[in-house]
Amino acid sequence: KAHRHTVGKELIALRRILIAEHDRVPLPVHPRDVIPRWKMEYVPKDRHLTPREFERVMAKVPRQRRLWFVVAVYTGASLGELDRLEWSHVDLRTAQIRLPGTKAKGRNRRVPIPAPLAPWLAGAGKKRGLMFGRWLNVRRELARYADSAGVPSFTPNDLRRTYASWLVQA
């Protein structure tokens, strides 16, 4: 049931690994003779929410998930960054949020708190520890909110694109 792009990426990786191993210690058969070249035509997704879609979905997001939703849209944080985000990372005085990255040094960054997000953060109740924690069924619930709002489905990564698209449009 894997997507064909997933299978293609796995075959490309397998072929490269076997060729590298063959270069190190010759195998009985060259991997190029066994595994054909696999060309992938990657088409990046361009889904992002329009301001109107955002408003429609926001009306369907339950109260306990609204802060997560607006922080995701107005910071461009990845799902992992949202999972690790703590209240101590929010500095209302300087109007910045530190997004805790783990993969690379550049992922640990500060982003400005935009005006529409500031009242949400200032008005939040508990302000210690994790802001959200891990949301195990986030994709399924976001799809449900989208369906309920009558907008095309979207993922957490589409919310990152929403942030970037709105910045470019502004």
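Here the residue index of a chain counts from 1 through its sequence in written order. Only residues with pLDDT of at least 70 get local features here, since the model is predicted, and only at 80 or more are side-chain atom pairs given and counted; chain-wide, interface and lining totals rely on the full set of residues. Excluding hydrogens and water, the side-chain values take into account all heavy atoms of the structure.

A. Highlighting the packing of helix α4 (residues 63–75) against helix α8 (residues 156–169). Every axis corresponds to a line fitted to the C-alpha atoms, with the helix fit spanning only the stretch in contact, and the corresponding angles, defined between N-to-C directions, vary from 0 to 180 degrees. Under the scheme used here, helices are H or I runs from DSSP no shorter than 4 residues and strands are E runs no shorter than 2 residues, and both carry numbers assigned from the N terminus. The N-to-C vectors of α4 and α8 enclose an angle of 50 degrees; their axes lie 6 Å apart at closest approach. Classified by the interaxial angle, the pair formed by α4 and α8 is oblique. Where α4 abuts α8, its residues W68, F69, A72, V73, Y74 and T75 lie against L159, T162, Y163 and W166. In terms of residue class, the contact of α4 with α8 is built from 8 nonpolar, 2 polar and no charged. Each angle gets one of four labels, with under 35 degrees taken as roughly parallel, over 145 as roughly antiparallel, 65 to 115 as roughly perpendicular, and the rest as oblique. Contacts are assigned to residue pairs that have any heavy atoms within 4.5 Å of one another. Gly falls in the polar group here, along with every residue not listed as nonpolar (Ala, Val, Leu, Ile, Met, Phe, Trp, Tyr, Cys, Pro) or charged (Asp, Glu, Lys, Arg).

B. Main features of α4. One less than the residue count of a helix, multiplied by 1.5 Å, gives the span that helix is expected to have. In this model, α4 (13 residues) spans 19 Å end to end at C-alpha, consistent with the 18 Å of a helix rising 1.5 Å per residue. Buried means the residue's accessible area, taken with a 1.4 Å probe over protein chains only, is under 20% of the maximum for its type, while exposed means over 50%, and partly exposed covers the values in between. Among the residues of α4, L67, W68, F69, V70, V71, A72, V73, Y74 and T75 are the ones counted as buried. Backbone geometry just after α4 places G76 at a positive phi near 75 degrees.

C. Expanded view of the pattern of salt bridges. Here, a salt bridge means any side-chain nitrogen of Lys or Arg that lies within 4 Å of a carboxyl oxygen of Asp or Glu. As enumerated under the stated definition, the model contains 6 salt bridges in all. Put simply, E81 and R109 hold a salt bridge, and the shortest N to O gap is 2.6 Å. Remark: R109 occurs in strand β3 (residues 109–112) and E81 occurs in helix α5 (residues 79–84); sequence separation between them is 28 residues. The exposure class of R109 is partly exposed, given its relative accessible area of 23%. The partner of D91 in a salt bridge is R93, with the nearest N and O atoms 3.9 Å apart. Residue D91 is classed as partly exposed on the basis of its relative accessible area, which comes to 24%. Sharing partners across several salt bridges, the network here consists of E81, R109 and R160.

D. A look at the pairing of strand β2 (residues 96–99). Residues I97 and L99 of β2 are buried on one face, while the alternating residues Q96 and R98, pointing to the opposite face, are not. By the bridge criterion, 2 bridges tie strand β1 (residues 90–91) to β2 in an arrangement that is antiparallel. Residue V90 lies in a different strand from β2, and its bridge partner there is I97. Note: two strands are recorded as paired if DSSP finds a minimum of 2 bridges between them. The pairing of β2 with β3 spans 4 bridges and is antiparallel. Looking across to β3, one finds that R98 is bridged to R110.

E. Just the nonpolar core, in detail. Of all hydrophobic cores here, the largest spans 38 residues; its most connected members are W68, F69, I97, L121, L142 and L159. When residues of this core are traced back to their parent elements, those giving at least two are α3 (51–58), α4, α5, β2, α7 (138–149) and α8. A total of 8 residues in this core trace back to one element, the largest contributor, which is α4. Residues in contact with I97, not counting those within four places in the same chain, are T75, L85, H89, V90, R109, R110, V111, I113, L117 and L121. By nonpolar core is meant a set of buried Ala, Val, Leu, Ile, Met, Phe, Trp, Tyr and Cys residues that side-chain atoms within 4.5 Å join together.

F. Spatial organisation of the sheet that holds β1. Strands sit in the order β1-β2-β3 across an open sheet of 3 strands; the sheet is antiparallel. The strands lining the two open edges of the sheet, one partner per strand, are β1 and β3.

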